[in-house]
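A look at the structure
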Amino acid sequence: MDILLILSYGALAYAAFRFLGIPVNKWTVPTAVLGGVVLIGIILLFMNYNHPFTPMGRFYFASVPIVPEVEGQVIEVPVQANVPVKQGDVLFKIDPTPFQYVVDQRKAALAEAEQDVLQLKSALDSANAEVDEATAERDRAKAQYDRYVEANRIGGPDSAPFSEQQVENQRQLYLAKDADLESGEAKAEEARLAYESQIGGVNTTVAQLRAQLEDAERDLALTVMRAPSDGVVPIVPLRVGQRAVPLPLRPVMAFVPAGNVTFAAAFVQNAMQRVKAGYEAEIAFDAVPGRVFRGKVGSIVEGMVQGEIQAGGTLIDPAARPLPGRVVVEIEILDDLSSYQLPPGSSGQVAVYSEYAHAFKIIRQILLRMKSWQNFIFIEGH
């Protein structure tokens, strides 16, 4: 903009000498030159500080890299470039056949496990029945043994109805039945533990196979990649027959969510005391020559990339002097831009008008409009 000021002053000086009859001599020419230097210097100093300008304005937008979560061959790509899609619309499909096989296998294994649970219940019931039967037999054997012992005690050594061998045989029979009962109880306990092995009220094997089935069904569902939100895919490089791989560093396409475009401008740090939220702003877009749009300062980004540090194994090196950097400021555009073709990423020049030095605001507005008119002139392709 300093060049525009110099050219404007030069034109005014020429008009003064040409049309006002000011003589051209060794006094008037140096006076005009020195006066122009002083005048333009004062204008630039006051205007640049109180009404800052930047040529670094741009529409910024966030894109979402689309990375498949499962690997497979692409069989369909219904999405079209630059055609808006709704959340949940299909972007592309991966061959589901191998994933369906896994789901079928998991379902068969789960059905078998659920059948095994019924068999475990039957085994527990059978073991409990055997314990009841063994208990009854043990009790009968014990009662018989006690009867023999009691009869011999009453009869005494001379009139005992049973011989010692018969009593011993009954005792051995009772001990054998008692051992059978202990064995049956151990088997019943084993059957109970197998049947009651549960997590959350579900047999552990069944719960494990259900989780595996759900995981397989999730993988099957992920063979259909859907739009994460309303938006558009600017370019569709994916083609049927390609192999999609779940690698974060290798997305298959970029998705641009709707309504996430922000216009921001980067100002030098010297003038940031005159850039505050709510201040008036004007924007001249490169893509719309001859027009200036109204706006206002929104939020100021808290942080600059030149001062950013991240966890690592090295210390800060003060000798590595980065560039001073610029402060990024969000600009809210107040005028309607719907009738203009301004795709995300479009650039423009921005001027902010503070509440100080109002006399220089008009000069900044004139210069911004001159910059906008300059956008009519370009030599691309010549």
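Look above for the structure.
Below, the structure is looked at part by part. (Residues numbered from 1 in each chain as written. Predicted model: local features only at pLDDT ≥ 70, side-chain atom pairs only at ≥ 80, totals over all residues. Heavy atoms only, no water.)

In this section: the overall build of the chain. The number of helices and strands found in the chain is six helices and 15 strands. With 382 residues in all, the chain has 30% of them scored as buried. Taking the intrachain contacts of the chain between residues at least 6 apart in sequence as the baseline, contacts between residues at least 24 apart amount to 79%. (Helix = DSSP H or I, 4+ residues; strand = E, 2+ residues; numbered from the N terminus. Buried < 20%, exposed > 50% of the residue type's maximum accessible area, 1.4 Å probe, protein only. Contact = heavy atoms within 4.5 Å.)

Within the open sheet, the three strands sit side by side as 2-10-8. Their pairing is antiparallel. Strands at the two margins of the open sheet, each flanked by one partner only, are strand 2 (64–66) and strand 8 (231–232). Judged from the three bridges that link them, strand 2 and strand 10 (residues 253–257) form a sheet pairing that is antiparallel. Of the residues in strand 10, the one forming a bridge with Pro-65 is Ala-254. (Pairing = 2+ DSSP bridges.)

Attention now goes to the pattern of salt bridges. A full pass over the atoms with the stated rule returns seven salt bridges. Residue Glu-71 is joined to Arg-243 by a salt bridge in which the shortest nitrogen-to-oxygen separation is 3.1 Å. In this pair, Glu-71 sits in the loop between strand 2 and strand 3 (72–76) while Arg-243 sits in strand 9 (residues 243–244), placing the two residues 172 residues apart along the sequence. The salt bridge partner of Arg-294 is Asp-335, with a shortest N-O separation of 3.0 Å. One end of the pair, Arg-294, is in strand 13 (residues 293–300); the other, Asp-335, is in the loop between strand 14 (326–333) and strand 15 (347–353), and 41 residues separate them in sequence. The exposure class of Arg-294 is partly exposed, given its relative accessible area of 46%. (Salt bridge = Lys/Arg side-chain N within 4 Å of Asp/Glu carboxyl O.)

This part covers the pairing of strand 1 (residues 53–60). A regular strand places its side chains so that they alternate between the two faces of the sheet. Sheet topology note: the strand 1/strand 15 ladder contains four bridges and is antiparallel. The partner of Gly-57 across the bridge, within strand 15, is Gly-348. Judged from the four bridges that link them, strand 1 and strand 11 (residues 262–268) form a sheet pairing that is antiparallel. Counterpart to Arg-58 in the pairing with strand 11 is Ala-264.

Quick look at a nonpolar patch on the surface now. Side chains of Ile-42, Leu-45 and Phe-46 sit close together on the surface and give an oily, nonpolar patch of about 310 Å² of accessible area. Along the chain, Leu-45 falls in helix 2 (residues 28–50). A relative accessible area of 63% means that Leu-45 is categorised as exposed. (Patch = residues over 30% accessible without salt bridge, like charges linked within 9 Å, V, L, I, M, F, W, Y side chains within 5 Å. Areas by Shrake-Rupley, 256 points an atom, 1.4 Å probe, with all protein chains shown as cover.)

Turning our attention to the pairing of strand 10. In terms of burial, strand 10 is a largely internal element, four of the five residues being buried. Bridge count for strand 8 against strand 10 is two bridges, and the pairing is antiparallel. By the bridge assignment, Val-232 is partnered in strand 10 with Val-256.

With that settled, consider the packing of aromatic side chains. According to the stated counting rule, one finds six aromatic pairs in the structure shown. Centre to centre, the rings of Phe-46 and Phe-360 are 5.3 Å apart; their planes meet at 10 degrees, and the pair counts as stacked. Residue Phe-46 is located in helix 2, and its partner Phe-360 is located in helix 6 (residues 358–374); the two are separated by 314 residues in the primary sequence. A relative accessible area of 17% means that Phe-360 is categorised as buried. (Phe/Tyr/Trp six-rings, centres within 6.5 Å; stacked < 30°, edge-to-face > 60°.)

Tracing the sequence through the fold places Glu-282 in strand 12 (residues 280–285). What makes Glu-282 buried here is its relative accessible area of 5%. In this structure Glu-282 touches Val-292, Phe-293, Gln-349, Val-350, Ala-351, Tyr-353, Gln-365, Leu-368 and Arg-369, once residues within four positions along its chain are discounted.

Read these as spatial facts, not as claims about activity.
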